Amino acid sequence: MPIADAFGPTTSTVSGGDLVLIYSEVLTSDSLDIDTGSLAAFADYKDVRCVLRDIRSDRASTTGVTSGVRMFINNDQTGANYLRAYLEYPTSGSGVTTSSSQSNFISTIPSANETPHNGLQARNGIVVDILSINSSRPKQYMVFSGRTSPSFGGNGDESRAYIRIGSYYGTAEPITRLVFADSNGDDLLAGASLSIYGLK
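### Description of a nonpolar patch on the surface
On the surface, a nonpolar cluster with roughly 270 Å² of combined accessible area is contributed by Leu87, Phe144 and Ile163. Inspection of the secondary structure assignment puts Leu87 in strand β6 (residues 82–90).

### Let's talk about unusual backbone geometry
Backbone geometry at Asn74 places phi at a positive 50 degrees, although glycine is not the residue there. Mapping Asn74 onto the fold places it in the loop between β5 (68–73) and β6. On the accessibility criterion, Asn74 (23% relative accessible area) is partly exposed. Of note, Ser132 is a non-glycine position whose phi angle comes to about 50 degrees, a positive value. With respect to the element layout, Ser132 can be found in the loop between β9 (124–130) and β10 (139–147).

### Re the pairing of β9
A large share of β9 lies buried, amounting to 5 of its 7 residues. For strand β4 (residues 47–55) and β9, the ladder comprises 6 bridges, and the chain directions are antiparallel. By the bridge assignment for β9, Val51 is matched with Val127.

### Some thoughts on the confidence of the model for the chain
Across the chain, pLDDT averages 81, with 72% of residues at or above 70. With pLDDT under 50 throughout, residues 1–13 is counted as low confidence; its partners more than four residues away or in other chains account for 18 contacts.

### As for the nonpolar core
Counting residues in each nonpolar core, the largest one holds 35 residues, and the members touching the most others are Phe42, Cys50, Val128, Ile130, Leu178, Phe180 and Ile196. Secondary-structure elements contributing two or more residues to this core are β2 (19–26), β4, β5, β9, β10, β12 (178–182) and β13 (193–199). Other than its neighbours up to four places away in sequence, Ile130 contacts Asp47, Val48, Cys50, Met71, Lys139, Gln140, Tyr141, Ile175 and Leu178. In terms of nonpolar packing, the next biggest core, distinct from the first, is built from 5 residues, Leu21, Val51, Tyr197 and Leu199 among them.

### Things to note about the packing of aromatic side chains
Summed over all chains, the structure comprises 1 aromatic pair. Ring geometry for Tyr82 and Tyr168: centres 4.9 Å apart, planes at 45 degrees, overall tilted. Placement of Tyr82 in strand β6 and of Tyr168 in strand β11 (residues 160–168) is noted, with a sequence separation of 86 residues between them. No difference in accessibility class separates Tyr82 from Tyr168, as the two residues are buried. The ring of Tyr86 is capped by Arg164, whose NZ or CZ atom sits 4.6 Å from the centre of that ring.

### Looking at the sheet that holds β12
Across a sheet, paired strands are connected by hydrogen bonds in the backbone, their directions being either parallel or antiparallel. Taken in spatial order, the 4 strands make up an open sheet running β3-β12-β5-β8, and their pairing is antiparallel. Strand pairing shows two members of the sheet lacking a second neighbour, β3 (33–35) and β8 (105–108), which therefore form its edges. Adjacent strand axes in the sheet meet at a mean angle of 15 degrees, parallel and antiparallel pairs treated alike. Examined bridge by bridge, β3 and β12 share 3 bridges and lie antiparallel to one another. The partner of Asp33 across the bridge, within β12, is Ala181.

### What about the environment of Ser132?
Judged by relative accessible area, Ser132 falls into the partly exposed class, the value being 28%. Once the C-alpha coordinates of Ser132 and Tyr45 are considered, the two residues, 87 residues apart in sequence, prove to be 8.4 Å apart. Once you skip the residues sitting within four places of it in the chain, Ser132 turns out to touch Lys46, Asp47, Arg137 and Lys139.

### A word on the environment of Ser195
Looking at the secondary structure, you find Ser195 in strand β13. Linking Ser195 and Cys50, residues 145 residues apart in sequence, is a C-alpha distance of 5.8 Å. Within the structure, Ser195 has its side chain in polar contact with the side chain of Arg53 (distance 3.0 Å).

### Some points on the pairing of β12
Counted residue by residue, β12 has 5 buried out of 5 residues, so it is predominantly covered. Bridge count for β5 against β12 is 5 bridges, and the pairing is antiparallel. Paired with Val69 across the two strands is Asp182, which belongs to β12.

Analysis parameters
- Residues numbered from 1 in each chain as written.
- Predicted model: local features only at pLDDT ≥ 70, side-chain atom pairs only at ≥ 80, totals over all residues.
- Heavy atoms only, no water.
- Patch = residues over 30% accessible without salt bridge, like charges linked within 9 Å, V, L, I, M, F, W, Y side chains within 5 Å.
- Areas by Shrake-Rupley, 256 points an atom, 1.4 Å probe, with all protein chains shown as cover.
- Salt bridge = Lys/Arg side-chain N within 4 Å of Asp/Glu carboxyl O.
- Helix = DSSP H or I, 4+ residues; strand = E, 2+ residues; numbered from the N terminus.
- Buried < 20%, exposed > 50% of the residue type's maximum accessible area, 1.4 Å probe, protein only.
- Pairing = 2+ DSSP bridges.
- pLDDT = per-residue confidence, 0-100.
- Contact = heavy atoms within 4.5 Å.
- Core = buried A, V, L, I, M, F, W, Y, C linked by side-chain atoms within 4.5 Å.
- Phe/Tyr/Trp six-rings, centres within 6.5 Å; stacked < 30°, edge-to-face > 60°.
- Lys NZ or Arg CZ within 6 Å of the ring centre and 35° of its normal.
- Axes fitted to C-alpha atoms, helices over the stretch in contact; angles between N-to-C directions.
- Polar contact = N/O pair within 3.5 Å; in protein donor to acceptor, adjacent residues only side chain to side chain.

Here it is as structure tokens:
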């Protein structure tokens, strides 16, 4: 699907079905979250695709504690307003893990002290598609993510693939703001980025 820059010469060059860049941010320093603030451009699109790149937490890996990312629609941080289900395939385990819950957790991410591989530090990529962002119905979303790193707190290989589906039931209002935050209240490390594309 072609990507058209929202800051291009004219909007008339963007046909139906094109993805249009409507928001972009790169963290230049560690931050608790990436926050679009109130974004008027959301009103012009049916659906959005959020692409998070180079995501890593400053938390040191701790047994039993997973670093991750939570998504807050319109900055609603109440986990019970989100329903989700997911499939997880770990190369270090056996079989596929499935689960469902009330949660705004969308993906695990690498921690600060994970061992580099060939001198490179693991980071995570996450793609979130949110449908019917201006409807009065629950906002459905799909998450595709994966993490591949040589160790997780020294506990061996942790290469995982995730597919998540979810819905937001907190309000019938259109989406005007998105926040992506570390799940434990730690910082996201500098270099993490968010690009949001609108679909007419």
